[in-house]
Amino acid sequence: MIMKKIVRMNLTGLFVLVFIFCLASVANAETIERESRETVHDGILDLAKIDLEKDGVIELKGTWDFYWKKLLTGQNLEKNPIAPDLKASVPIVWNTYEIEGKSLPGFGYATYRIQVINAEKDIPLALRIPTTSTAYKLYMDDELIASNGSVSEDETKFVPENKPVTVFIVPKKQEFNLIVQVANYTYARGGMWYSIKLGTPDQIQELMRQIIYTDLFLIGSFFIMGLYYFIIFLLRREDKASLFFVLMCLVAMGRIMIHGDYSIYKVFPFIDFRTVVILNYYSVYWGGTAFLLFLKELFPEEVSKYVVKVALVYSAGISAATLFLPIMFFTRFKPIMMPIVICTVSYGLICAGIACYRKKQNALIVLLGACSIGVGAFYDVLYHGQIINFDLGELTPISFFVFIFLQSLILARRFSSAYDRANRLSRKLLELDKMKDEFLANTSHELRTPLNGILGIAEALTYESEGSLNERQKESLSMISYSSRRLSNLVNEILDYSKMKHGDVKLDCKAIKINSVVQPNLMILKHSVNSENINIINTIDESLPCVFADENRFAQIIYNLVGNALKFTENGYVKISAYATNDEVTFCIQDTGLGIPQEKYDDVFRSFEQVDTAATRRHGGTGLGLSITKHLVELHNGKIWISSVVGKGTNVYFTLPSVDGHAIEGNQNIVLKMNPPITLNEQSASFQIAGTAEHVLIVDDEVLNLYSASSILKMKGYTISAVSNGFAALEVVEKNKDLSLVILDVMMPEISGYEICRKIRENNSCFDLPILMLTAKVNVEDNVMGFEAGANDYLPKPVEARELLARVETLVHLKKSVLQARAAETAFLQAQIKPHFLFNALNTISNFCDTNPKRAEQLINSLATYLRNSFDFDNLEMFIPIEKELILVNAFIEIEKARFGASIEIIFDIDHDIKMQIPPLSIQPLVENAIHHGLRKKKGMGVVTISVSKTEDGVTIAVKDDGIGIKADRLERLLSERKTEGVGLKNIDLRIRKLYGTGLQINSERNKGTTVSFTISEGGEKD
C-alpha cells in the first residue's frame, strides 16, 4: 500500500508539473516575466537604484532602444539623435518584434542601446556577454569593448560566431551608452536571445569560476560514468542498457560543452561554427530518444517498441538532414522540435510510472531520476523557446547528473544482488559439478563393461567362433566393433577432459628418450592406417637430448597428434621430426592433408570444436583430442601451435622441456643398495642377482626401474638378470636356457619392446618362455599390439609390488606346469610298451630257456631293466645321467639282438671321459627308430652306430644306421607330423630345441642309411 501511495504521489506530481509548464507557456508568460526582475526600463539603466555589492550580479533585461537596419555608434547617436524604431524586450529574438505591423525577419542587422546613468566614476565594472545570434559588437559609447564574429550590412562580409565573452570596464563619467550592433544571416532567428550580466569584477570572476567548475564537474562525471558503462557493454554485449546509458552521457556532455563556458572551443580549438550548431541540435534530437531506448531495456513490457522505432527513425532522419541542410533552414524547425522532445520525455515518464505501479525492480528509483530529467528538459525547452524568461542556466545536465546518481543506487543493488546470486549459483554449480563428476565416473565404468562385452562378442564372431560367415556379415560385425571402439575412446576422452578441467591430472615426469616413446606409437598407428597411400615417417635423431615428461602423457600427445594428422590425410605422408633449442625440444608433426583455414587456428584447440562443422562433415570425433593434447603440453610447461595451408597440409608444433645431456648421457655410475652393492653404468646397465627360485630376466632402459623391479622380486628369492637395452636382452635369452620369465618394458631405445618380444618368440613359444610387458600406456591398441607380438600378460606403470609379484608367480607357475606336463608326457610315453614287443621278447626268452638257460637269464635281466626304467612314473626329472640312458639303450639292444640274431650289429663309440646329464629318452628312441625303420626293412646285415663325442660346439650324440634311408619328401615333414608313435622324433626334437636352442639334425640318403644327431653344451645340465 505504501508503495502504491508513493507511485501515485509521483505520478500526481509529474502531471501537476507538466500542467504548470503548459499553463506558463500559454497564458502566464507575462506573469513569469514580471516575476523575473527587470533592470532596464525604456532604454535606461539607473545604477543608483541598484546596489551591486548587495544585489550581486544583475541581468540587463528589460526594454532596450532598438534600431532596425541600422548599425549605430555613440558618436552617431550623439551628433544625430534619432528615435528608436521600438522599445524592444531583451532577451528575446527579434523575430518576435513588429514594426509598422510587420514581424521582423530572421535575417538582418540592428542596433540595441541602453543609457547607463548614475554610475560611479572610476569604479571598475565587469560584463559577461553570452552568445548572440549570431555576430555582435559591444560599444561603451564609441569604445569597442567586445565582439563575436564579423558584423556587417553586407551578407558576404558577415561571419557568425558563438562564444561567451567577459570584459572589464571603468566608467569615466556617470552617464554612458552601452550599444550592441547585431547581424544575422545564418540562423532562422536573430537578436539578443540571452541577457548580458553586469557586476563587479570579483562577482563576474566568481560567476565564471562557478560556471567553469560546474562544467568541469559535470563533464568529468559524465565522462567517467560513460566510460565505465561502455566498458561494461564491451564485456557484456547483451547489456544494451549500458550502451544507451553511454549515449545519454554523450548527449549530456554535448549540451554542457556547447553552453555555459563553451568548453568545446577549449577542447577542440579548431572546431567551426557550423559544427557547433549541428552538435547543439543533435543533442536535442537524441536526448529524448536515448532516454526511451534506455527505458526500453529496463522495462521492455512497459515501453512500446513501436514508439521507440518511431523515435529512432525521427532522430536518425532529422540528423541526416541537418548534416546536409544549411543552418538557416533546419533552425527554422526548432519550435516544432521542442514539443517533440517534451512528448518523448513525457512518454518515458509515463512508462516509468507504469513500471513503478507494476512493482518492477528499481522502477521507483528510475522514476525519480526520470522526473529530474523531465523537469530539466521541460525547463530548457520553455526557456530556449522564449516562453519563460527567468534564467537558471541549462538544467538538463544537472538533472541528468541527479539521474546518474540515482542510477548508481540501482547499480549498487544490481552488483550486490549479482554477487549474492553468483555465490548461490557457485555453490550450486560446485554441487552439480561434483554430481557430474561422479556421474561421469560411474557412467564410464558402467559403459565400459557392456562395451567390452559387445566388442569381445563382435570380434569373436568376426573370427567365426560360432561358424562360418559371409562377407556381408563380417562387414556388419566389423562396423559394430569399430563403433564400439569409438564409443570406448569417447568415454576415455571425456574422463581425461573431466580430470584436466578440474586439475586432477598428476604428472610423473622423468628423463625419457624420445624415440623410445615415438617409435612404438608410430608402429601402432601404422597398423590402424587402412590406406596404402599414406606413409608414416620418423626423422627424429637418436642424438637428441631426453625430454623431461610423463611417459604415458608424452605417448598420449604423440598418439593424438599423429592420429589426428592421419585422420585428415588421404594421400601422401605424415612425418614427425624434432630439434633441440635452448632448454627444450621442439616437435613437428607434418602432414599432406586437407589443411586448416587461418581463422580456425585457435578453434582447433578448443573443447568440442571441429574444423569441419558442416552437417556433411566426413571426419568424426568429439573435438576433445587436440584440446586434451594442448592441456597436456601446457602441463609440461610447453606450448603448441600450428601453421597450415588449405589443400596442402598442416604442421603442428609443440615443445617439451629437455634434460641436461650430461645428466643423462654422461658415464656416471649408480650404486644399487643391494647385498652385495652393485655398481651400474647408466648408459648400459646390466647385473645379476643370485637367488634360490626361478630365473627371471628384467629389461628396462631406466636403471631405477631395473633396481625397483629387482628389489621387489628379490623378496621372493628369484634369480635375476637385469639389462637396460634390447640387444643385451636377446643375448641373455640366447645364453640362458633356464629362464622362466622375461619382464619387458615396451618403450625402449633403438629396438622397442614389441620387436624384442617378436625375436624371442622365434625360438620360444608362449609356454616355453612367458613374457610380461610393462608399459605406461593402457590403450586397447597397445594391448593388442603387445599380444600380437607374443606377450603373455600386460602390467601398467607405475608397478604396484604385490601385483607384480602375483603376476610373476602366475607366469612362472605356467612355465613349471608346461615342463611338468612334458615330463609327465615323457613318463607316460615310457610306459607305452607295445604289446607285440613284450610278447616277442617273452617268446624269445622262452626259446632260450630250453636251449641256453644262461642266455635266457641275461635276457630276463635286460627286460627287467628296460621295464623298470620305462614304468618309472615318479621320475619327472628333466635330466638324467648319460650312463642311465645308455643302460636303457643296452637293455633294449640285448632284447632286439636276441630276437633278430646276427642280422643286427650295434657299435658303441662312447667317450667315457664325458660325464654329463641329458634329457631322458633322448637316445633309446633314436636307436629303436634306427632298428625298426632302418635295418628291418633292409635285407641282410645291418649296423647301428651309437656315438658320444666332444666337438667344437659341445658334445654331439649321434645314432647312425645303414638301412634303407628316408625319402626326401618324407624327410621334410618328419618332424612336423602331428601323429607320432611312442616317444617319437618330434617329441625329442621339441625337448632338445627348448633346452639347447637347436633340435635334431637328420641326414639321410636313400638305400645308404640315416644319421640322427643332436649337440648339447659340454656337461649338459648338472645338479
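As a reminder, the structure under discussion sits directly above these lines.
To start, this report covers the structure provided alongside it. Predicted model, so just to flag it, every value in this text is computed and none were measured. (Residues numbered from 1 in each chain as written. Predicted model: local features only at pLDDT ≥ 70, side-chain atom pairs only at ≥ 80, totals over all residues. Heavy atoms only, no water.)

## A few points about the overall build of the chain
And step 1. Scanning the chain for helices and strands turns up 29 helices and 35 strands.
And step 2. Put simply, the chain has 1023 residues, and 48% of those count as buried.
And step 3. Look at the contacts in the chain between residues 6 or more apart in sequence, and 72% of them connect residues 24 or more apart.
And step 4. About 51,700 Å² of surface is accessible on the chain, with carbon and sulfur atoms providing 55% of the total. (Helix = DSSP H or I, 4+ residues; strand = E, 2+ residues; numbered from the N terminus. Buried < 20%, exposed > 50% of the residue type's maximum accessible area, 1.4 Å probe, protein only. Contact = heavy atoms within 4.5 Å. Areas by Shrake-Rupley, 256 points an atom, 1.4 Å probe, with all protein chains shown as cover.)

## What to know about helix α26 (residues 882–900)
And step 1. Over its 19 residues, α26 runs 27 Å from end to end, which matches the ideal 27 Å to within 8%, given 1.5 Å per residue.
And step 2. Along α26, the positions that sit buried rather than exposed are Ile882, Glu885, Leu886, Leu888, Val889, Ala891, Phe892, Ile893, Ile895, Glu896 and Ala898. (Expected span 1.5 Å × (residues − 1).)

## Focus on the sheet that holds strand β15 (residues 534–538)
And step 1. The sheet built from five strands is open, its strands ordered β15-β17-β18-β20-β19 with mixed pairing. The two strands at the open ends of the sheet, each matched to only one other strand, are β15 and β19 (640–645). Mean inter-strand twist for the sheet, computed between neighbouring axes without regard to direction, equals 15°.
And step 2. Lying on the sheet, helix α16 (residues 551–567) is in contact with β15, β17 (572–581), β18 (584–591), β19 and β20 (649–657); it crosses β20 at an angle near 175°. (Pairing = 2+ DSSP bridges. Axes fitted to C-alpha atoms, helices over the stretch in contact; angles between N-to-C directions.)

## Some remarks on the sheet that holds strand β11 (residues 165–169)
And step 1. Spatially, four strands are ordered β2-β13-β8-β11 in an open sheet, and the strand pairing comes out antiparallel. Lying at the two open borders of the sheet, with one neighbouring strand each, are β2 (58–59) and β11.
And step 2. The pairing of strand β8 (residues 125–129) with β11 spans five bridges and is antiparallel. The partner of Ala126 across the bridge, within β11, is Phe168.

## Focus on a nonpolar patch on the surface
And step 1. A cluster of nonpolar residues, Phe223, Ile224, Leu227, Ile231 and Leu235, forms a patch on the protein surface that exposes about 540 Å² of accessible area.
And step 2. Within the secondary structure layout, Phe223 lies in helix α5 (residues 201–235). (Patch = residues over 30% accessible without salt bridge, like charges linked within 9 Å, V, L, I, M, F, W, Y side chains within 5 Å. Salt bridge = Lys/Arg side-chain N within 4 Å of Asp/Glu carboxyl O.)

## Things to note about the nonpolar core
Nonpolar side chains tend to gather and get buried jointly when the protein is soluble and globular.
And step 1. Ranked by size, the top nonpolar core spans 67 residues in total, and within it Phe554, Phe587 and Phe654 carry the most contacts.
And step 2. Top contributing element to this core by residue count: α16, with nine residues.
And step 3. If we skip the residues at most four places from it in the chain, Phe554 touches Ile512, Ile514, Val517, Val518, Val547, Ala549, Phe587, Phe654 and Leu656.
And step 4. Judged by nonpolar contacts, the second largest core, of 47 residues, contains Met253, Val276, Val303 and Ala370. (Core = buried A, V, L, I, M, F, W, Y, C linked by side-chain atoms within 4.5 Å.)

## A look at the pairing of strand β35 (residues 1009–1016)
And step 1. β35 sits mainly inside the fold: six of its eight residues count as buried.
And step 2. Here strand β34 (residues 1001–1005) pairs with β35 via five bridges, running antiparallel. Residue pairing across strands places Asn1003 opposite Thr1011, the latter belonging to β35.

## A short note on the packing of helix α6 (residues 240–257) against helix α8 (residues 273–298)
And step 1. Contact geometry for α6 and α8: axes closest at 8 Å, N-to-C directions at 155°. Here α6 lies roughly antiparallel to α8, going by the angle between them. Two packed elements cross with a definite hand, and for α6 against α8 that hand is left-handed. Each of Lys240, Ala241, Phe244, Phe245, Leu247, Met248, Val251 and Arg255 in α6 lies in contact with α8, whose residues at this interface are Asn280, Ser283, Val284, Trp286, Gly287, Ala290, Phe291, Leu293, Phe294 and Glu297. (Parallel < 35°, antiparallel > 145°, perpendicular 65-115°, else oblique. Left-handed = near helix turned anticlockwise from the far one by under 90°.)

## Quick word on the environment of Thr322
And step 1. With respect to the helices, strands and loops of the structure, Thr322 is situated in helix α9 (residues 305–324).
And step 2. The exposure class of Thr322 is buried, given its relative accessible area of 1%.
And step 3. Along the sequence, Thr322 and Tyr281 sit 41 residues apart, while their C-alpha atoms lie 8.3 Å from each other.
And step 4. When residues no more than four places from it in sequence are discounted, the contact partners of Thr322 are Arg274, Ile278, Tyr282, Tyr285 and Phe330.
And step 5. Reaching out from Thr322, the side chain makes a polar contact with the backbone oxygen of Ile318 at a distance of 2.7 Å. (Polar contact = N/O pair within 3.5 Å; in protein donor to acceptor, adjacent residues only side chain to side chain.)

## Describing the side chain of Arg128
And step 1. As for its position among the elements, Arg128 is in strand β8.
And step 2. Those residues in contact with Arg128 that lie beyond four places of it in its chain are Pro164, Val165, Thr166, Ser195, Ile196, Lys197, Ile204, Met208, Ile211, Gly260 and Asp261.

## Looking at unusual backbone geometry
And step 1. Omega for the peptide link from Val90 to Pro91 comes to 10°, which places this bond in the cis form.
And step 2. Inspection of the secondary structure puts Pro91 in the loop between β4 (86–90) and β5 (98–99).
And step 3. Cis geometry is adopted by the peptide bond preceding Thr134, which originates at Ser133 and carries an omega value of -5°.
And step 4. Mapped onto the secondary structure, Thr134 falls in the loop between β8 and β9 (135–140).
And step 5. A positive phi angle, near 60°, is found at Asp122, a position not held by glycine.
And step 6. Take Asp122: it is sitting in the loop between β7 (108–117) and β8.
And step 7. A positive phi angle is found at Asp141, which is not glycine, with a value near 60°.

## As for the pairing of strand β24 (residues 695–699)
And step 1. Counted residue by residue, β24 has five buried out of five residues, so it is predominantly covered.
And step 2. Of the two faces of β24, both are covered, the one formed by His695, Leu697 and Val699 as well as the one formed by Val696 and Ile698.
And step 3. Bridge count between β24 and strand β25 (residues 719–723): five bridges; the pairing is parallel. Counted as the bridge partner of Ile698 is Ala722 from β25.
And step 4. Direction of pairing for β24 relative to strand β26 (residues 739–745): parallel, over a ladder of five bridges. Bridge pairing in β26 places Val696 opposite Leu741.

## What about the packing of α8 against helix α11 (residues 334–357)?
And step 1. Taken N-terminus to C-terminus, the directions of α8 and α11 make an angle of 15°; their axes are 9 Å apart at the nearest point. When the axes of α8 and α11 are compared, the pair comes out roughly parallel. Along this stretch, α8 crosses α11, giving a crossing that reads as left-handed. On α11, the residues touching Tyr281, Val284, Tyr285, Gly288, Thr289, Phe291, Leu292 and Leu295 of α8 are Lys334, Met337, Val341, Thr344, Val345, Tyr347, Gly348 and Leu349.
And step 2. Among the residues forming the contact of α8 with α11, the class breakdown is eleven nonpolar, four polar and one charged. (Nonpolar A, V, L, I, M, F, W, Y, C, P; charged D, E, K, R; others polar.)

## Comments concerning the packing of aromatic side chains
And step 1. On inspection of all chains with the given rule, the structure shows 24 aromatic pairs.
And step 2. Ring centres of Tyr281 and Phe330 lie 5.3 Å apart, and the angle between their planes is 75°; on these two criteria the pair is classed as edge-to-face. Pair noted here: Tyr281 is in helix α8 and Phe330 is in helix α10 (residues 327–330), with a separation of 49 residues, a long-range link.
And step 3. Residue Tyr281 is classed as buried on the basis of its relative accessible area, which comes to 2%.
And step 4. Pairing Tyr282 with Tyr285 gives two aromatic rings, centres 6.0 Å apart and planes at 50°, and the pair type is tilted. With Tyr282 and Tyr285 both in helix α8 and three residues apart, the pair spans about one turn of that helix.
And step 5. Judged by its relative accessible area of 21%, Tyr282 falls in the partly exposed class.
And step 6. Put simply, the rings of Trp64, Phe66, Trp68, Trp94, Tyr97 and Tyr112 touch in pairs and so form one group of aromatic residues.
And step 7. Here Lys163 stacks its cationic end above the ring of Tyr265, 4.7 Å away from the centre of that ring. (Phe/Tyr/Trp six-rings, centres within 6.5 Å; stacked < 30°, edge-to-face > 60°. Lys NZ or Arg CZ within 6 Å of the ring centre and 35° of its normal.)

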